[in-house]
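Architecture and fold: a report
Residues per chain are reported as follows:
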Amino acid sequence: DPYLMLPGEQVRYESLFPQYAQQDNFVYGAQAVELFTKSGLSKEALRDIWNLVDNPVDNRLDRLEFGMAMHLIVCVSKKNLPLPLALPASLRALKTP
């Protein structure tokens, strides 16, 4: 799975979470846009990534969802991987207790 997120990557992405999270410990669209648009990806691609990781859909990202979004953004913008149509199995497994 080329989208596998290594533990060190997850720690790095999630370390950014407190800078963008609101008092209820979630990141909402306005805060995410500020960071995610720095990637240079289109708004459509960023929306698709948000939709992949925001599960269950509550229109906000928790720490893990935020980390997965950051990882997918890096996969697409830096590693030149295609935007997946569904959440890759390795990332889906992180959400399964």
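Provided above is the structure to which this section pertains.
First, a word on scope: everything that follows refers to the structure included in this document. Owing to the predicted nature of the structure, the values given are computational and were not obtained by experimental measurement. (Residues numbered from 1 in each chain as written. Predicted model: local features only at pLDDT ≥ 70, side-chain atom pairs only at ≥ 80, totals over all residues. Heavy atoms only, no water.)

Some words on helix 1 (residues 7-15)
Just so we agree on the cut-off: In this scheme, a residue with accessible area under 20% of its type's maximum is buried, one over 50% is exposed, and one in between is partly exposed, where area comes from a 1.4 Å probe on protein chains only. Numbering of helices and strands starts at the N terminus; helices are DSSP runs of H or I of at least 4 residues and strands are runs of E of at least 2. Directions drawn from the helix axis to the C-beta atoms are what define this arc. In this description, contact between two residues means that some pair of their heavy atoms is separated by no more than 4.5 Å.
When helix 1 is considered as a whole, its buried residues turn out to be E9, Q10, Y13 and E14. One side of helix 1 carries all its buried residues, which in axial view fall inside an arc of 125°. Seen from the buried face of helix 1, the exposed residues on the opposite side, beyond 90 degrees, are P7, V11 and R12. Buried residues along helix 1 sit in contact with helix 2 (17-20), helix 5 (63-77) and helix 6 (89-94).

Some thoughts on the side chain of Q31
The topology assignment puts Q31 in helix 3 (residues 29-36). Once residues lying within four places of it in the same chain are set aside, the contact partners of Q31 are Y20 and Q22.

Describing the packing of aromatic side chains
Which entries qualify depends on this criterion: Here is the rule: rings of Phe, Tyr and Trp (six-membered ring for Trp) pair when centre to centre is within 6.5 Å. Planes less than 30 degrees apart are stacked, more than 60 are edge-to-face, and the remainder are tilted. Criterion for a charge above a ring: Lys NZ or Arg CZ within 6 Å of the ring centre, and within 35 degrees of the ring normal.
Enumeration over the complete set of coordinates arrives at three aromatic pairs. Between F17 and F66 the ring centres are 5.5 Å apart and the planes differ by 70°, which places this aromatic pair in the edge-to-face class. Taken together, the positions of F17 in helix 2 and F66 in helix 5 put the pair 49 residues apart, joining distant regions of the chain. Assigned by exposure class, F17 and F66 land together as buried. An aromatic cluster of at least three residues, connected via ring pairs, comprises F17, Y20, F36 and F66. Between the NZ or CZ atom of R60 and the centre of the ring of F26, over which it lies, the distance is 3.6 Å.

What about helix 5?
Under the convention used in this document: An expected span of 1.5 Å times one less than the residue number is assigned to each helix.
Taking 1.5 Å per residue, 15 residues should reach 21 Å; helix 5 reaches 21 Å between its end C-alpha atoms and fits that length. Among the 15 residues in helix 5, 12 count as buried, and that is most of the element. For helix 5, the full list of buried residues reads L64, E65, F66, G67, M68, A69, M70, H71, L72, I73, C75 and V76. On its buried side, helix 5 packs onto helix 1, helix 2, helix 3, helix 4 (43-53) and helix 6.

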